[in-house]
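For reference, the chains in residue letters:
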Amino acid sequence: MLMGEFEHALDSKGRLFVPAKMRENLGPSFVVTKGVDGCLDVYPLEAWEKLKNSFAQKMMPKQKMRDVSRFIFGGACEVEPDKQGRILLPANLRTYARIGETALIVGVGGKAEIWDAQRYADYTKAVEGDVAELIEELDFE
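If you're wondering where the values come from, they're calculated on a predicted model, not measured in any experiment.

A. Looking closely at the state of the cysteines. Within this structure, the stated rule accounts for zero disulfides. Not engaged in a disulfide, the cysteine cysteine 39 finds its nearest cysteine sulfur in cysteine 77; these two sulfurs lie 14 Å apart. Accessibility expressed as a relative area gives 1% for cysteine 39, which makes it buried. On the accessibility criterion, cysteine 77 (18% relative accessible area) is buried.

Now the structure itself:
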């Protein structure tokens, strides 16, 4: 399970350090693609294969299928951390997620997300009231 928040600076080449615990759960290589909330989604290869297979089975209009395919698969890339534990975030993905100098890697269960650190702080502040209400409804102890 992927969990926790890890903040790291990108280097001048657009490389981001991925903590050992996160790399351990993601595997030796993994997929980074556009996420729907303005972040990047990070999938272990096994979860990526499940996503691809479930997507292939969805029944939706052809235009919507093409739109979603382009969004998810068009910008996706498989990455492998270097010896220092860094991955290169391609420029198109950094631009999409508006990732500046500092990024936050967030484990969200079966996948991770990469956010610009300030955008994530803004997002968290904006949704914290809604999340508190949802937690109450779910009756977490």
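B. Expanded view of the packing of aromatic side chains. A full pass over the atoms with the stated rule returns six aromatic pairs. Relative to tryptophan 48, the ring of tyrosine 43 has its centre 5.6 Å away and its plane inclined at 50 degrees; by these criteria the two rings are tilted.

C. Structural view of the side chain of aspartate 41. Considering the arrangement of structural elements, one finds aspartate 41 in strand β4 (residues 40-44). Side-chain polar atoms of aspartate 41 contact the side chain of lysine 111, separated by 3.0 Å. When near neighbours in sequence (up to four residues on either side) are disregarded, aspartate 41 contacts Val31, Val32, Thr33, Lys34, Gly35, Lys111, Ala112 and Glu113.

Reading guide: rules and limits
- Each chain has its residues counted from 1, running along the sequence as written.
- Where totals are concerned, whole chains, interfaces and linings use all residues; where local detail is concerned, this predicted model gives features only for residues with pLDDT of at least 70, and gives and counts side-chain atom pairs only at 80 or more.
- Hydrogen atoms and water are omitted, and side-chain values are computed over all heavy atoms in the structure.
- Cysteine sulfurs are considered disulfide-paired once they come within 2.5 Å of each other.
- For every residue, the accessible area obtained with a 1.4 Å probe (protein chains only) is divided by the maximum for its type, and the residue is called buried under 20%, exposed over 50%, and partly exposed between those limits.
- Only the six-membered ring of Trp is used, alongside the rings of Phe and Tyr, when aromatic pairs are assigned; centres must lie within 6.5 Å, and planes under 30 degrees apart are stacked while those over 60 apart are edge-to-face, with the rest tilted.
- Think of it this way: any DSSP run of H or I at least four residues long counts as a helix, any run of E at least two long counts as a strand, and we number them from the N terminus.
- Nitrogen and oxygen atoms within 3.5 Å of one another constitute a polar contact, given that in protein one can donate a hydrogen and the other can accept it, and given that sequence-neighbouring residues count only through two side-chain atoms.
- Two residues form a contact once any of their heavy atoms are found within 4.5 Å.

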